[in-house]
Amino acid sequence: MQTPKRAVILSAGQGRRLSPLTDRRPKCLIELSGRTLLGWQLRALEQAGVGEAVVVTGFGANLVDAEVARLGLTGLKVRTLFNPFYALADNLASCWLARREFDQPVLLLNGDTLFEADVARRLIAAPSAEITVAIDRKPAYDSDDMKVLTEGARLRAIGKTIEAYDAESIGFLRFSAAGAQRFSTAIDEAMRKPEGLRRWYLSVIDHIAQTTTAVHVQSIEGLSWGETDFPEDVQANVALTARWAAGAG
């Protein structure tokens, strides 16, 4: 399988649940141990050998553009793509806006997923599959977790409200060239339906998983990552990134 050299990062949302931190900046620009969340993501992708990142922006797009310019990354080409519908639609619309970026093997990640470089490396090195969803496992799951039901290497269902599950999605996916084409076609079809603006892109992954054998999983158990939805997540991620920063010397 060809190694993905491009990553699409969905960073259009404001993150109102993190107010007041996000009153004037999107949550991808929350500072964690001296670096923004987006900065940590881009650094990890660069370390994992990804050559290009496309950041889908919305709320505070000009601030994200400024952050990308300030970072001045040399090993990773970064472009931004503005989603003017960010306040009216969920993240399926951001994927639809970026659908032309799915013309090759590609990584897709949520703009609020914090991860160490080894998470990206493990996902990139996962066994060949059209679509691979990075998962983690823990003793218990809450209502906000994006739960996953697996069967061996296959993903059978994904969603916050599914009744049977044994893992959670961390918001990081890998697509082969065929998988990227399948996903691009599926999101275009989904956006043509009346409810398209209100759907999450993972609902499309769930549909693909339940109608084909194209969706597999890759566990990243034992590696460090964090989500960024609530104030307590920010506190945990500050502690996590402080350890990373200390380890980096």
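Rules behind the numbers
Residues numbered from 1 in each chain as written. Predicted model: local features only at pLDDT ≥ 70, side-chain atom pairs only at ≥ 80, totals over all residues. Heavy atoms only, no water. Helix = DSSP H or I, 4+ residues; strand = E, 2+ residues; numbered from the N terminus. Buried < 20%, exposed > 50% of the residue type's maximum accessible area, 1.4 Å probe, protein only. Lys, Arg positive; Asp, Glu negative; His and termini not counted. Salt bridge = Lys/Arg side-chain N within 4 Å of Asp/Glu carboxyl O. Polar contact = N/O pair within 3.5 Å; in protein donor to acceptor, adjacent residues only side chain to side chain. Pairing = 2+ DSSP bridges. Right-handed = clockwise from strand over helix to strand, strands pointing away. Contact = heavy atoms within 4.5 Å.

Asks: Can you tell me about the side chain of Lys147, naming the residues and giving the values?
Replies: Here Lys147 is to be found in strand β9 (residues 147–151). Salt bridges are absent for the buried Lys147, whose nearest opposite-charge side chain, Asp145, sits at 5.7 Å. A distance of 2.9 Å separates the side chain of Lys147 from the backbone oxygen of Asp142, its partner in a polar contact. Polar side-chain contacts of Lys147 include one of 3.2 Å to the backbone oxygen of Asp145.

Asks: For the pairing of strand β5 (residues 77–82), give the residues involved together with the corresponding values.
Replies: In terms of strand pairing, strand β4 (residues 52–57) meets β5 through six bridges, oriented parallel. Across the sheet, Glu52 pairs through a bridge with Lys77, a residue of β5. What joins β4 to β5 is helix α2 (residues 61–71), and the crossover it makes is right-handed.

Asks: Describe the environment of Ala186, naming the residues involved and giving the relevant values.
Replies: Within the secondary structure, Ala186 sits in helix α5 (residues 177–191). For Ala186 and Tyr201, which are 15 residues apart along the polypeptide, the C-alpha to C-alpha distance reads 9.7 Å. Excluding anything up to four places from it in sequence, Ala186 contacts Val204 and Ile208.

Asks: Go over the pattern of salt bridges with me, naming the residues and quoting the values.
Replies: Applying the stated rule across the entire model yields 18 salt bridges. Here Asp103 and Arg6 are joined by a salt bridge, their closest N and O atoms 3.0 Å apart. In this pair, Asp103 is assigned in the loop between α3 (91–97) and β6 (106–110) and Arg6 in strand β1 (residues 6–11), connecting sequence segments 97 residues apart. By relative accessible area, which is 56% here, Asp103 ends up exposed. By relative accessible area, which is 9% here, Arg6 ends up buried. Three or more residues are tied together by salt bridges with common partners; here these are Arg17, Lys27, Asp112, Asp144, Lys160 and Asp229.

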